[in-house]
Amino acid sequence: MSEVIIDIKNLEKQYMKQKAVKNASFQITEGMICGLIGPNGAGKTTIMKMMGGLVIPTGGEISIFGGKTEKELAKARTRMSFMIETPYAKTNLTARENLEKQRIQKGIPDKKRIEEVLEIVGLQNVGKKPVKAFSLGMRQRLGIANALLTKPEIMVLDEPINGLDPEGIVEIRELLLRLNREEHITIIISSHILSELSLLCSDYVFIHKGEILQAVSTPELKKICREFYHISTDNNSLALAVMNEKLGITQAEVQKDGSIRLYERLDDIREISKALFENGVIPTVLSMNEANLEDYYMNMVGDKPETK
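Conventions adopted
- Residues numbered from 1 in each chain as written.
- Predicted model: local features only at pLDDT ≥ 70, side-chain atom pairs only at ≥ 80, totals over all residues.
- Heavy atoms only, no water.
- Pairing = 2+ DSSP bridges.
- Helix = DSSP H or I, 4+ residues; strand = E, 2+ residues; numbered from the N terminus.
- Axes fitted to C-alpha atoms, helices over the stretch in contact; angles between N-to-C directions.
- pLDDT = per-residue confidence, 0-100.
- Contact = heavy atoms within 4.5 Å.
- 1 Å grid on protein atoms, 1.4 Å probe; cavity = no way out; pocket = protein on both sides within 12 Å on 5 of 7 lines; lining within 4 Å.
- Points joined across faces, edges and corners; volume = space filled by probe spheres on them.
- Parallel < 35°, antiparallel > 145°, perpendicular 65-115°, else oblique.
- Left-handed = near helix turned anticlockwise from the far one by under 90°.
- Buried < 20%, exposed > 50% of the residue type's maximum accessible area, 1.4 Å probe, protein only.
- Arc of directions from axis to C-beta.
- Disulfide = S-S within 2.5 Å.

## Some points on the sheet that holds strand β3 (residues 33-37)
Working step 1: Taken in spatial order, the six strands of this open sheet run β5-β6-β7-β3-β8-β9, and their pairing is mixed. Each having just a single partner strand, β5 (80-83) and β9 (211-217) make up the two edges of the open sheet. In this sheet, neighbouring strand axes are inclined to one another by 15° on average, regardless of whether the strands run parallel or antiparallel.
Working step 2: In terms of strand pairing, β3 meets strand β7 (residues 186-191) through five bridges, oriented parallel. For G35, the partnering residue across the bridge sits in β7 and is I189.

## Comments concerning the confidence of the model for the protein
Working step 1: For the protein, the mean per-residue pLDDT works out to 89, and 97% of the residues sit at or above 70.
Working step 2: The low-confidence segment residues 304-308, where pLDDT is below 50, has seven contacts with residues more than four positions distant or belonging to other chains.

## Section: empty space enclosed by the protein
Working step 1: Taken as a whole, this structure holds two cavities of 30 Å³ or more when the rule is applied.
Working step 2: Residue assignment for the lining of the largest cavity shows that the elements contributing at least two residues are α3 (95-105) and α5 (136-148).

## Some thoughts on the packing of helix α4 (residues 112-121) against α5
Working step 1: α5 packs onto α4 with a crossing angle of 135° between their chain directions and a minimal axis gap of 9 Å. Viewed along their axes, α4 and α5 adopt a mutual orientation that is oblique. Along this stretch, α4 crosses α5, giving a crossing that reads as right-handed. Contacts from R113, V117, I120 and V121 in α4 reach R141, I144, A145 and L148 in α5.

## Structural notes on the environment of Y229
Working step 1: In this structure, Y229 sits in strand β10 (residues 227-233).
Working step 2: Classification of Y229 by relative accessible area gives buried; the value is 13%.
Working step 3: C-alpha of Y229 to C-alpha of E264: the two residues are 35 residues apart in sequence and 8.7 Å apart in space.
Working step 4: Once residues within four sequence positions are removed from consideration, Y229 is found in contact with I260, R261, L262, L266, I269, L286, S287 and M288.

## What about helix α10 (residues 269-278)?
Working step 1: Those residues of α10 not exposed but buried are I269, I272, S273, A275 and L276. An end-on view of α10 places all buried positions within 160° of arc, on one side of the element. Facing away from the buried side of α10 by over 90 degrees, the exposed positions are R270, K274, F277 and E278.
Working step 2: Where α10 terminates, the next one or two residues include G280, which has phi positive at roughly 80°.

## A word on the layout of surface pockets
Working step 1: In this model, the largest pocket occupies a volume close to 400 Å³.
Working step 2: What lines the largest pocket is a set of 18 residues, and nearest its centre among them are S81, F82, M83, I84 and K106.
Working step 3: Breaking the lining of the largest pocket down by element, the ones donating at least two residues are β5 and α5.
Working step 4: Among the elements that take part in the lining of the largest pocket, β5 stands out by supplying four residues, more than any other.

## Let's talk about unusual backbone geometry
Working step 1: The backbone phi angle of N23 is positive, close to 50°, even though this residue is not glycine.
Working step 2: Checked against the element boundaries, N23 lands in strand β2 (residues 18-29).
Working step 3: At K151, a position not held by glycine, the phi torsion is positive, near 55°.
Working step 4: On the basis of relative accessibility, which here comes to 56%, the residue K151 falls in the exposed class.

## Here's the deal with the state of the cysteines
Working step 1: The final tally for this structure, using the stated rule, is zero disulfides.
Working step 2: The cysteine C34 is free of any disulfide, with C201 supplying the nearest cysteine sulfur at 6.9 Å.
Working step 3: Residue C34 is classed as buried on the basis of its relative accessible area, which comes to 1%.

## So, the sheet that holds strand β1 (residues 4-15)
Working step 1: Strand order in this open sheet of three strands is β2-β1-β4, and the pairing throughout is antiparallel. Strand pairing shows two members of the sheet lacking a second neighbour, β2 and β4 (59-64), which therefore form its edges. Strand-to-strand twist across the sheet, computed as the mean angle between neighbouring axes with direction ignored, equals 15°.
Working step 2: Here β1 pairs with β4 via five bridges, running antiparallel. Each residue of the ladder has a partner; that of E12, found in β4, is G59.
Working step 3: The strands touched by helix α1 (residues 44-51) within the sheet are β1, β2 and β4, with β1 carrying the most contacts at an inclination of about 120°.

Set out below in structure tokens:
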């Protein structure tokens, strides 16, 4: 079983009367790519800043590599790297010049490390092009190169694919997967682009208005986001009753729009349609679907009231 390397318990952050993070608890195990999922303003960045020591928690506890005291956490954070908000770079300098400045500031003696990280992120051939001439995707890769200089065991990345075009998103995704598999780096990544995280992450922490709603692994999520038939009829209430009473179907849910999701007997749709028709119900929509990450998150959030 993988070792827990970050353990967050009852973490809170309050700004004046506003609670940005409320009683948050979750764990990160070694080897994860963990997605912090939620819309802008959900509290993802605040949690990451507290992990990095950039924001002081109002309450709760953070343990990193077993360290809990301020001194222990400072030591543990030397084994991590952070790219929170916009990656820092001097735009009039080249990628190598930027990384050289960072290498010196971070006290890294090995000058060869610059070429190593540039090759890892695919920027080894940019030559003397200044950063101001870089695409957004190239700037993000430079930010990741900077984060890799110290050979971190954990990388914390805040919205690294935000604003990228589809090609740039794919490049960053493939880079992060390679870092996880080949460099054995545990990655914590935040995003509101849920469809992309579903292709990248091994685990998910769902955040809404500063609260952790749920933490699940990919296998657990796949069980939840299973295939279903989307059914609409001229009388959905009667359709649900017919499926239950005539066919013994219990795994069906009514959605907010009144339609039905059917999770069982998916191979018997002809028989189900016949039973509905014979009992006075006319199907208008019958389509096979699979719930995705967006569906799961929205169903979890539901119509939760605003918190004051």
